[in-house]
Amino acid sequence: MKHGRPDTDYMKWRWKPNGCDMPVFDPAQFLEIVRGKSLAFVGDSLARNQMQSLVCLLSGIEHPVDVSPTDDWQTKRWRYESYNFTFSMLWSPHWVRVEEAVSSQTSLFSVYLDEVNPIWATQIEDCDYVIISGGHWFSRAMVFYEKGKIVGCYDCHLENVTDLPMENVKDLPRYYGYKKAFRTAFKTVTSLNNFKGVTFLRTYSPSHFESGFWNEGGDCLRTKPYKSNETTLEGSSKEYYMIQLEEFKTAEREAKKKGLKVRLMDTTPVSLLRPDGHPSRYGHWPDEKGAMRKDCVHWCLPGPIDTWNDILLQMLKMEGIRSDYD
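Okay, so let's go over this structure. (Residues numbered from 1 in each chain as written. Predicted model: local features only at pLDDT ≥ 70, side-chain atom pairs only at ≥ 80, totals over all residues. Heavy atoms only, no water.)

**Notes on helix α4 (residues 174–191)**
Line of reasoning, step 1. For α4, built from 18 residues, the straight-helix expectation of 26 Å at 1.5 Å per residue is met to within 8% by its first-to-last C-alpha distance of 26 Å.
Line of reasoning, step 2. Those residues of α4 that sit buried are Arg 174, Gly 177, Tyr 178, Ala 181, Phe 182, Thr 184, Ala 185, Phe 186, Thr 188, Val 189 and Thr 190. (Helix = DSSP H or I, 4+ residues; strand = E, 2+ residues; numbered from the N terminus. Expected span 1.5 Å × (residues − 1). Buried < 20%, exposed > 50% of the residue type's maximum accessible area, 1.4 Å probe, protein only.)

**Focus on the pattern of salt bridges**
Line of reasoning, step 1. Taken as a whole, this structure holds 16 salt bridges when the rule is applied.
Line of reasoning, step 2. The salt bridge partner of Arg 5 is Asp 7, with a shortest N-O separation of 2.8 Å.
Line of reasoning, step 3. Judged by relative accessible area, Arg 5 falls into the buried class, the value being 8%.
Line of reasoning, step 4. Put simply, Glu 115 and Arg 97 hold a salt bridge, and the shortest N to O gap is 2.8 Å. Here Glu 115 is found in strand β6 (residues 107–116), whereas its partner Arg 97 is found in strand β5 (residues 96–102), with 18 residues between them in sequence.
Line of reasoning, step 5. Arg 97 sits in the partly exposed class, given a relative accessible area of 27%.
Line of reasoning, step 6. Each member of the salt-bridge network shares a partner with another, and the members are Arg 97, Glu 99 and Glu 115. (Salt bridge = Lys/Arg side-chain N within 4 Å of Asp/Glu carboxyl O.)

**Description of the packing of aromatic side chains**
Line of reasoning, step 1. Applying the stated rule across the entire model yields 22 aromatic pairs.
Line of reasoning, step 2. Positioned over the ring face of Tyr 10 is Arg 5, at 3.9 Å from the centre of the ring.
Line of reasoning, step 3. Between Arg 97 and the ring centre of Tyr 112, over which it is positioned, the NZ or CZ distance is 3.8 Å. (Phe/Tyr/Trp six-rings, centres within 6.5 Å; stacked < 30°, edge-to-face > 60°. Lys NZ or Arg CZ within 6 Å of the ring centre and 35° of its normal.)

**Some thoughts on the side chain of Arg 263**
Line of reasoning, step 1. By the secondary structure assignment, Arg 263 is in strand β11 (residues 261–265).
Line of reasoning, step 2. Within polar-contact distance, the side chain of Arg 263 engages the side chain of Glu 319 at 2.5 Å. (Polar contact = N/O pair within 3.5 Å; in protein donor to acceptor, adjacent residues only side chain to side chain.)

**A closer look at the packing of α4 against helix α5 (residues 235–257)**
Line of reasoning, step 1. Interhelical geometry of α4 versus α5 gives an angle of 25° and a closest axis separation of 10 Å. Taken as axis vectors, α4 and α5 run roughly parallel relative to one another. The way α4 lies across α5 gives a crossing that is right-handed. In this structure, α4 contributes Arg 174, Tyr 175, Tyr 178, Lys 179, Phe 182, Arg 183, Phe 186 and Thr 190 to the contact, and α5 contributes Gly 235, Ser 236, Glu 239, Tyr 240, Ile 243, Gln 244, Glu 246, Glu 247, Phe 248, Ala 251 and Ala 255.
Line of reasoning, step 2. Among the residues forming the contact of α4 with α5, the class breakdown is nine nonpolar, four polar and six charged. (Axes fitted to C-alpha atoms, helices over the stretch in contact; angles between N-to-C directions. Parallel < 35°, antiparallel > 145°, perpendicular 65-115°, else oblique. Left-handed = near helix turned anticlockwise from the far one by under 90°. Contact = heavy atoms within 4.5 Å. Nonpolar A, V, L, I, M, F, W, Y, C, P; charged D, E, K, R; others polar.)

**Side note on the nonpolar core**
Line of reasoning, step 1. Membership of the largest hydrophobic core comes to 66 residues, with the highest contact counts inside it found for Phe 30, Phe 41, Phe 85, Phe 87, Trp 95, Trp 120 and Ile 124.
Line of reasoning, step 2. Examining the composition of this core, we find that six residues originate from one element, α4, more than from any other.
Line of reasoning, step 3. Formed by eight residues, the second largest nonpolar core is a distinct cluster that contains Leu 46, Phe 209, Cys 296 and Val 297. (Core = buried A, V, L, I, M, F, W, Y, C linked by side-chain atoms within 4.5 Å.)

**Re the pairing of strand β1 (residues 38–43)**
Line of reasoning, step 1. Most of β1 is tucked away, with six of its six residues classed as buried.
Line of reasoning, step 2. In β1, alternate side chains face the same way, and those of Ser 38, Ala 40 and Val 42 on one face and Leu 39, Phe 41 and Gly 43 on the other are all buried.
Line of reasoning, step 3. Alignment of β1 against strand β4 (residues 85–91), held across six bridges, turns out to be parallel. Counted as the bridge partner of Val 42 is Leu 90 from β4.
Line of reasoning, step 4. Note: β1 against strand β7 (residues 129–132), four bridges, orientation parallel. The residue bridging Val 42 from the neighbouring strand is Ile 132, located in β7. (Pairing = 2+ DSSP bridges.)

**Considerations on α5**
Line of reasoning, step 1. The end-to-end C-alpha distance of α5, which contains 23 residues, comes to 34 Å, matching closely the 33 Å that a straight helix rising 1.5 Å per residue would cover.
Line of reasoning, step 2. Turning to α5, its buried residues are Ser 237, Tyr 240, Tyr 241, Ile 243, Gln 244, Glu 247, Phe 248, Ala 251 and Ala 255.
Line of reasoning, step 3. For α5, the secondary structure elements touched by its buried residues are α4, β10 (198–202), β11 and α6 (268–272).
Line of reasoning, step 4. Once α5 finishes, Gly 259 follows within two positions and takes phi at roughly 75°, a positive value.

**Topic: the sheet that holds strand β2 (residues 65–66)**
Line of reasoning, step 1. Overall, mixed pairing links the seven strands, which are arranged β2-β3-β4-β1-β7-β10-β11 in an open sheet. Each end of this open sheet is capped by a strand with a single partner; those strands are β2 and β11.
Line of reasoning, step 2. Contacting β7, β10 and β11, α4 crosses the sheet at an angle of about 165° to β10.
Line of reasoning, step 3. Packed on one face of the sheet, α5 meets β10 and β11 and runs near 160° to β11.

**Concerning the state of the cysteines**
Line of reasoning, step 1. Tallying each qualifying case throughout the model produces one disulfide.
Line of reasoning, step 2. The disulfide partner of Cys 220 is Cys 296, and the S-S distance across this bridge is 2.1 Å. Taking the sign of the torsion about the S-S bond as the criterion, the disulfide between Cys 220 and Cys 296, at about -95°, is left-handed. In this pair, Cys 220 is assigned in the loop between β10 and α5 and Cys 296 in the loop between α6 and α7 (306–325), connecting sequence segments 76 residues apart. (Disulfide = S-S within 2.5 Å.)

In structure tokens form, the structure reads like this:
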């Protein structure tokens, strides 16, 4: 709407799970549950998208105050003063340590698969809730390192890249790096000395490009949700999602051994049904000039992404019930 989108139905559709009714998000209830607690979003711009949705949903009760310890945009923190509730956005789209080599044509990421990114790993030990998510950045050109040595790459044989010994480097699928990085992230969470919080894996957010990928003129022009029998998860979205489910089971087993809690926030199936909820060209101001790529990855606000926080609230309520029985 702000950038000129003419239709509004995408704001009105609500998810109804089979066999139950999802309550409308109650901001007062949410803030009471998290009173005196802290929450961190760890991931990429879709993690930030969910964080922004939460701020909007809570805005009828209170607006947060920026209490970020530094000016570093990668570690932002806010607090709801009346509730002593603090939440953070910790930018780490690969979860592990990354170095970016920038050329005039493209970017090549050096991804250290067995070294966690300290930007988030040093910030969560005192958190009550941590929401980890991501995946989309693993479609970019990457060189994979383990134990400080190159083990392979994805789409890395690029022009203008002459300072890396690529001649004998094995070209690995992007999923190799994704699985390894994911494993490192959860191994870190379960090995922190003082972390006693609940870790949520928010599953992969599918994009809805049609008639081409994001860099090939693809767009998302649908104005209504899919019916459940009209679409299926395919391609890289399915691969990322299945890896998440597989690695989650491993992380859950390891967490239980140490008395920690790891939960699955499965938002993928419901998000798959909402091709109508992306900004498309309305992610830009109407008077912006030049070639603009359509945004079929992020979500409009308000819109389908608010359902993620509906689910979050219900899961936090369940944690309270579990605690009563512990």
